Amino acid sequence: MRKIFITLLALLLLAATASAQRGLKCNPVFMGKVVPRKQMVVTEVYGSSMAAYNLEYYRGISFQVDEALAQKVAALVEQDAKEAAVKETEKVGEFLTYALVQPNSSGRMNRYLCYQARKIGKKWKITLLYLEGVATLDDLKKMFDKQ
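Only a predicted model underlies this, so the values are computations on that prediction, with no experimental measurement involved. (Residues numbered from 1 in each chain as written. Predicted model: local features only at pLDDT ≥ 70, side-chain atom pairs only at ≥ 80, totals over all residues. Heavy atoms only, no water.)

1. Topic: the confidence of the model for the chain
Confidence in the prediction of the chain, expressed as mean pLDDT, is 83, and 82% of residues score 70 or more. Below a pLDDT of 50 lies the segment residues 3-19, which in the model reaches 6 contacts outside its immediate sequence neighbourhood of four places, other chains included. (pLDDT = per-residue confidence, 0-100. Contact = heavy atoms within 4.5 Å.)

Below, the structure is given as structure tokens:
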């Protein structure tokens with residue numbers, strides 16, 4: 001009985017996390033469909049441990065890829081930024097290096113997409129965060145140092 005309960009709980013959590021980024025163009029990146037999951041470092045935190053930040057859910061992925069794949073990820077983030085009412089972006093030349101995007105929220109919960117890309121040698125290190133909670137954009141700016 002305990003194994004069944006744990007399995008059901010795991011499936012519910014998986015379904016909840018899979019739907020968190022639903023509606024975003026960059027959702028396939030989070031799902032491992034653009035960059036193989038084995039190349040990613042994934043961090044996921046939810047619940048009371050995020051309360052101090054006024055967040056209920058945090059999902060972060062980071063990976064290193066070549067320029068072509070980095071451009072593909074950047075293009076998806078730019079599409080999300082284009083559709084968002086609130087956004088901040090920075091580019092080096094034509095390449096997106098930073099984005100803080102607030103997609104349309106549902107109800108009392110704010111949603112945020114944060115993106116950063118840095119060139120390291122011939123590769124690009126990309127960090128992509130998805131956040132949900134009552135935190136404001138100003139709260140996030142205080143929390144993260146933009147680099």
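2. Section: the packing of aromatic side chains
For any two aromatic rings, the description comes down to two numbers: the centre-to-centre distance and the angle of the planes. Taken as a whole and assessed by the stated rule, the structure comprises 2 aromatic pairs. With centroids separated by 4.1 Å and ring planes inclined at 35°, the aromatic side chains of Phe95 and Trp124 adopt a geometry described as tilted. With a gap of 29 residues between them, Phe95 in strand E4 (residues 95-102) and Trp124 in strand E6 (residues 123-133) connect regions that are remote in the sequence. We classify Trp124 as buried; its relative accessible area is 10%. (Phe/Tyr/Trp six-rings, centres within 6.5 Å; stacked < 30°, edge-to-face > 60°. Helix = DSSP H or I, 4+ residues; strand = E, 2+ residues; numbered from the N terminus. Buried < 20%, exposed > 50% of the residue type's maximum accessible area, 1.4 Å probe, protein only.)

3. Examining the environment of Glu90
You can see Glu90 is positioned in strand E3 (residues 86-92). Given a relative accessible area of 34%, Glu90 falls into the partly exposed group. Here the alpha-carbon distance between Glu90 and Leu100, two residues 10 residues apart in the chain, equals 9.4 Å.

4. Overview of the sheet that holds E6
Strand order in the open sheet made by the 6 strands is E1-E2-E6-E5-E4-E3, with antiparallel pairing throughout. Of all the strands in the sheet, the pair left with one neighbour each is strand E1 (41-46) and E3. Strand-to-strand, the axes of this sheet are offset by a mean angle of 10°, without reference to chain direction. Alignment of E3 against E4, held across 7 bridges, turns out to be antiparallel. In the strand pairing of E4, Glu88 is matched with Leu100. Helix H3 (residues 67-83) contacts strand E2 (55-65), E3, E4, strand E5 (110-120) and E6 of the sheet and is inclined by roughly 35° relative to E4. (Pairing = 2+ DSSP bridges. Axes fitted to C-alpha atoms, helices over the stretch in contact; angles between N-to-C directions.)

5. A closer look at the environment of Tyr53
Residue position: Tyr53 is located in the loop between E1 and E2. Given the relative accessible area of 42%, Tyr53 is considered partly exposed. Put simply, Tyr53 and Gly133 are 80 residues apart on the chain and 8.6 Å apart in space, counted from C-alpha to C-alpha. Excluding residues within four positions of it along the chain, Tyr53 makes contact with Ala135 and Met143.

6. Some thoughts on the pattern of salt bridges
Under the criterion given, the structure shown has 3 salt bridges. Between Lys25 and Glu83 there is a salt bridge whose closest N-O contact spans 3.6 Å. With Lys25 in the loop between helix H1 (2-20) and helix H2 (27-30) and Glu83 in helix H3, this residue pair connects regions lying 58 residues apart in the sequence. Classification of Glu83 as partly exposed rests on a relative accessible area of 49%. One salt bridge connects Glu78 with Lys91, and the closest N-O pair in it is separated by 2.8 Å. Taken as a pair, Glu78 in helix H3 and Lys91 in strand E3 lie far apart in primary sequence, 13 residues in all. (Salt bridge = Lys/Arg side-chain N within 4 Å of Asp/Glu carboxyl O.)

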